[in-house]
Amino acid sequence: MKAHRDFYRIYCPLLCSCAQLPPEGTFTVGQEYLFEYIIDAVKILDDLGQVIVLAEKIFMSCFCNIAEFEAPVTCYDPMLYDETTYHLYFILQQDRSDLEAIRAFSKLKGVNYIQAKRILNDTRVLVAVGTAYDMRELLNRLAQFQVQYEISPPYPYPY
């Protein structure tokens, strides 16, 4: 079925049914196939996932019930159903002030550097609490900084 999806993505084909076996390719009578019209010919995907080019006359004699292929529309976003509250922490080294963390915190929270330095006074500082979508947005913004952080519970989504 993967070959059918790839063919659909590439060609936006139509759907037909095999009425009799054509001279080329591997087909099954009664089976449906994806195809695309080209000048004086047809590209059709056979049982082996190969794209076969048939003359239009041969195609019309071997295939019938031509219709548009309607790919099923599915949209599933697991983040929509995620009710987890995520906590983003900066992990800081105790022996020095982390300038990059101060810059990142200042940009994320909209505070000046002095306020950020005052808040970042521990080795593990809570920066934000939010939903999966909130965390994705923060992580995208945080990507420009080189700061160590931790998300609890672990964040399972790409960002």
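Attention in this report is confined to the structure presented alongside it. (Residues numbered from 1 in each chain as written. Predicted model: local features only at pLDDT ≥ 70, side-chain atom pairs only at ≥ 80, totals over all residues. Heavy atoms only, no water.)

## Some details on the side chain of Asp46
Here is the rule: In this text, helices come from DSSP runs of H or I with a minimum length of four residues, and strands from runs of E with a minimum of two, each type numbered from the N-terminal end. Working definition: with a 1.4 Å probe on protein chains only, accessible area under 20% of the residue-type maximum means buried, over 50% means exposed, and in between means partly exposed. Charge assignment in this entry is limited to Lys and Arg as positive and Asp and Glu as negative, and neither His nor the chain termini are counted. Every case where a carboxyl oxygen of Asp or Glu lies within 4 Å of a side-chain nitrogen of Lys or Arg is listed as a salt bridge. A 3.5 Å cut-off defines polar contacts: any pair of N or O atoms within that distance qualifies, except that in protein one atom must be a possible hydrogen donor and the other a possible acceptor, and neighbouring residues in sequence count only when both atoms are side-chain atoms. Contacts are assigned to residue pairs with any non-hydrogen atoms lying within 4.5 Å of each other.
By the secondary structure assignment, Asp46 is in the loop between strand E3 (41-45) and strand E4 (51-55). The buried charged residue Asp46 lacks any salt bridge partner; its closest oppositely charged side chain belongs to Lys43, at an N-O distance of 14 Å. A polar contact is formed between the side chain of Asp46 and the backbone nitrogen of Gln50, at a distance of 2.9 Å. Residues contacting Asp46, with those up to four places away along its chain left out, are Gly25, Thr26, Phe27, Tyr33 and Ile52.

## Focus on a nonpolar patch on the surface
Going by this rule: Nonpolar side chains (Val, Leu, Ile, Met, Phe, Trp, Tyr) within 5 Å and like charges within 9 Å form the patches, drawn only from residues with over 30% relative accessible area and no salt bridge. Values of accessible area rely on a 1.4 Å probe in the Shrake-Rupley scheme; residue burial ignores everything except the protein chains shown.
The grouping of Tyr37, Met60 and Ile66 at the surface amounts to a nonpolar patch, some 260 Å² of accessible area in total. In this fold, Ile66 is placed in strand E5 (residues 63-68).

## A few points about the sheet that holds strand E8 (residues 149-152)
Let me state the cut-off plainly: Pairing between strands is defined by DSSP: at least two bridges between them are needed. Axes here refer to lines fitted to C-alpha atoms; in helices the fit is confined to the stretch in contact. Angles between the N-to-C directions go from 0 to 180 degrees.
Sheet architecture is open: 3 strands sit in the order E7-E6-E8, paired in antiparallel fashion. Edge positions in the sheet fall to strand E7 (124-130) and E8, since each has one partner strand and no second. Ignoring strand direction, the axes of neighbouring strands in this sheet form an average angle of 25 degrees. The strands that helix H6 (residues 132-142) touches are strand E6 (86-91), E7 and E8; relative to E6, the one it contacts most, it runs at about 25 degrees.

## Let's talk about the nonpolar core
Operational definition: Think of a nonpolar core as a cluster: buried Ala, Val, Leu, Ile, Met, Phe, Trp, Tyr and Cys residues, connected wherever their side-chain atoms sit within 4.5 Å.
Leu88, Phe90, Leu120, Leu142 and Tyr155 are the most contacted members of the largest nonpolar core, which totals 25 residues. With near-sequence residues (within four places) excluded, Leu120 lies in contact with Phe90, Leu92, Ala101, Ile102, Phe105 and Val125.

## Quick look at the side chain of Ser17
Assignment of secondary structure puts Ser17 in strand E1 (residues 14-18). If near-sequence neighbours (up to four positions away) are discounted, Ser17 is found in contact with Gly30, Gln31, Glu32, Cys62, Phe63, Cys64 and Asn65.

## Section: the packing of helix H4 (residues 99-109) against H6
Operational definition: An angle counts as roughly parallel when it lies under 35 degrees, as roughly antiparallel when it exceeds 145, as roughly perpendicular when it falls between 65 and 115, and as oblique in every other case. For a crossing to be left-handed, the near helix must be turned anticlockwise from the far one by less than a right angle; the clockwise case is right-handed. Side-chain classes follow a simple rule in which Ala, Val, Leu, Ile, Met, Phe, Trp, Tyr, Cys and Pro form the nonpolar group, Asp, Glu, Lys and Arg form the charged group, and the remainder, Gly included, forms the polar group.
H6 packs onto H4 with a crossing angle of 135 degrees between their chain directions and a minimal axis gap of 10 Å. It follows from the interaxial angle that H4 and H6 lie oblique. Crossing of H4 against H6: the hand is right-handed. Seen from H4, the contacting residues are Ala104, Lys107 and Leu108; seen from H6, they are Leu138, Arg141 and Leu142. In terms of residue class, the contact of H4 with H6 is built from 4 nonpolar, no polar and 2 charged.

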